[in-house]
Every structure is written in C-alpha cells, then in structure tokens.
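Observations on the model geometry
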Amino acid sequence: MMDNKHSYSFGFLDEYAKKEIRRSLLKAVAIPGYQVPYASREMPIARGFGTGGLQITLSIIGENDILKVIDQGSDESVNAVNIRQFIAKTCPGVTLTKNTQEATIIQTRHRIPEIPLKLGQILVLQVPYPDPLIVVESKEEKRKKMHSEGDYARLWVKLYEDIVQFSEITISHRYPTRINGFYVIDPSPIPRFDIPKLNHSHALYLFGAGREKKLYAIPPYTNTEPLSFSDIPFRIEDFLDETGERRGCIRCGSKTSFLDEIINNNGDKIYQCSDTYYCSHQLNLKGHE
Ligand SMILES: [Zn+2]
C-alpha cells in the first residue's frame, strides 16, 4: 500500500513480491537446506551487494521489528551502513540497533554474531553462490538431480583430493554442510569458525542469493554437520600463536572470539574481534567488574 507520507511502499517491494518471497521461505523452512527458486526482483543496489538478503529482510520485516545489519562482523562497514539506511528509509517505524541480543532480525554478510542467538531471532545471510556442487558440476540441471538423489559423491572426492594434495580440506569460507541428514548447502562465505553455530541453533537462518534467484533455510534445532572424514575431523580456525597459545583480542582481551588480523602502523600483526558489537560489549562488561 502506498503511504502518502513516504514515496515508497513499506518495505520497498510491492505486496505481491513480498508474498511470493514469504511463500518461498515457508517452503525453504519446510524442506531444510533445499534451494527454493524465486523471482528475484531488481533492487536499487547492484546484484552481488546483498540483494538476496535484502529482499528476504524487506519481505519479513514489520513495524515492530528491531533490525541489526552487519558486514564481516561490523555494524559500521559501508555495505552495512548503506543497507541499514535503505531499510530505515523504506520501512518507517522499524527500530534499528547494533545490539545483537535485542535485534529480532539480523541481516549479515560473512559472519554469525559471537553472542548466541535466541529463539525468535532471525538471521538473514547474503549469499553470493547458493550451490555447493558448483565446484564439481557446472550444469544446474545435473546439480538439481544430484541434490534430489542426495548424491554428493563428487563433492566427497573433491574434499578427499584436497586432503591428498594439501593434507587438509582447503575450503575455508563456504564449507559444505549437510542439513537435517540430507541436503548439502553452501552456508555462504562465513568462516569455518561459525559453522558449529548453525547446529541446533535457537534462531532461524534464512539464506538469500539475489543474483542466482535462490533462497534456503535452516530452521531452529536442526541437525547440521560439516562434511568431514572420520580420520580427519572438521576443525575451526584456532588462532594459536607460535608458542601454541590462543591469541586474544587486543581491544577487549577475548580469547574465544573470531579474530581479524590487522597490520598496525609499526608493521606488526595485531588481532581484534571481527564482531564489533561483541568486542564493545566485552569491554563494557569489564568496565562494570
Ligand atoms: Zn574484542
């Protein structure tokens, strides 16, 4: 419905477009890990800058929602700021926040927040490539058949070849993960560190690939397992220093968070939490000790 006070309809997309996306999302939730095709709309940002995630967010958001937008863990990066401003402009009444705990919807690229998500929260991930089989099969028709038959043999061979050649699985950021014992998904370019957060999460995960016109979901309390071999288990980034000790964040001191490596003015490597809200939250907690 067009609102006289604003030049856009609420959520920018028209109601039919939003309804179609919500219907596709229901299907995605009903069949965890299945890539549901949808009619991806043109958005006033370029494809590849999060149009898939944005369309999901705009289709599910309501006036009572509290929205957080992050990019690589930061609320302040250009992509996050632009998307937040766009949503503020097209969704009057929606509250914007940086606080992970109070957000009802979190749109993100490349990270899952450090603070565990709660039941009722929705994490919307921006996805560049939705299909993990793209690395072994270029034809979509064949990939669809392989998914429907649960035939991931060629993906397993690829992982095995990595181990033979490099002694470990080299996929670091789009780690193939099996959902509910069947479909294997590309969990978008999140670090391996974040993969365990998908398993039996309290929150609902929604994935949107605008350019590829696909969306998929991991409902709360779903079994998710990264593909791995029994003798070479899946492992996350360990952030150990030369002496084998876990590195900490230079700002808040956390030794459990995902760290970004930064080169300071002296040319030294320093490490800082990639989740900026978490880092500030840890500092605040310390201040009250
Ligand atoms: Zn920190």
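A short tour of the structure in this document, coming up. (Residues numbered from 1 in each chain as written. Predicted model: local features only at pLDDT ≥ 70, side-chain atom pairs only at ≥ 80, totals over all residues.)

1. Some remarks on the overall build of the protein
Filter applied, for reference: Numbering of helices and strands runs from the N terminus; a helix is a DSSP stretch of H or I covering at least four residues, while a strand is a stretch of E covering at least two. The reference for a compact globule is 2.2 Å times residues^0.38; the radius of gyration itself is calculated from the C-alpha atoms. Put plainly, a residue is buried at 20 or more neighbouring C-beta atoms within 10 Å of its own, exposed at 12 or fewer, and partly exposed in between, counting only other residues' C-beta atoms, which are placed from the backbone. Note on contacts: each residue gets a C-beta atom placed from the backbone, and two residues are in contact if those atoms are within 7 Å.
Of regular secondary structure, the protein possesses six helices and 12 strands. Against the globule reference of 19 Å for 289 residues, the protein gives a C-alpha radius of gyration of 20 Å, in line with a compact fold. Along the longest, intermediate and shortest principal axes, the C-alpha atoms of the protein span 65 × 55 × 35 Å. Scored against the burial criterion, the 289 residues of the protein give a buried share of 39%. At a minimum sequence separation of 6, the contacts of the protein that also span at least 24 residues come to 60%.

2. Looking at the nonpolar core
Operational definition: For our purposes the nonpolar core covers buried Ala, Val, Leu, Ile, Met, Phe, Trp, Tyr and Cys residues that link as a set through C-beta atoms within 7 Å.
Ranked by size, the top nonpolar core spans 47 residues in total, and within it L123, Y205, L206, L215 and A217 carry the most contacts. Counting residues per element, this core draws most heavily on strand β8 (residues 204-209), at five residues. Core analysis: the second largest hydrophobic core is formed by eight residues, C249, F258, Y277 and Y278 among them.

3. So, the sheet that holds strand β6 (residues 177-179)
Remark on secondary structure: sheet strands pair via backbone hydrogen bonds, oriented parallel or antiparallel. For clarity, the cut-off: A strand pair is defined by DSSP finding two or more bridges across the two strands.
The antiparallel open sheet is built from three strands, whose spatial order is β7-β6-β10. A single partner strand is all that each edge strand has here, and the edge strands are β7 (184-185) and β10 (224-226). With three bridges joining them, β6 and β10 adopt antiparallel strand pairing. The residue bridging R178 from the neighbouring strand is E225, located in β10.

4. Some thoughts on the pairing of strand β5 (residues 122-126)
The element β5 is extensively covered by neighbouring structure, given that five of its five residues are classed as buried. Pairing of strand β4 (residues 105-109) with β5, which is carried by four bridges, proceeds in the parallel orientation. Looking at β5, one finds that I105 is bridged to I122. Sheet analysis places β5 next to β8, joined by five bridges and oriented parallel. Paired with Q126 across the strands is G208, a residue of β8.

5. What to know about unusual backbone geometry
Although it is not a glycine, F12 sits at a positive phi angle of roughly 65 degrees. As for its position among the elements, F12 is in the segment before α1 (15-30). For F12, a count of 19 C-beta atoms within 10 Å puts it in the partly exposed group. With phi around 55 degrees, K213 is a residue other than glycine that occupies positive phi space. By the element assignment, K213 lies in the loop between β8 and β9 (214-218).

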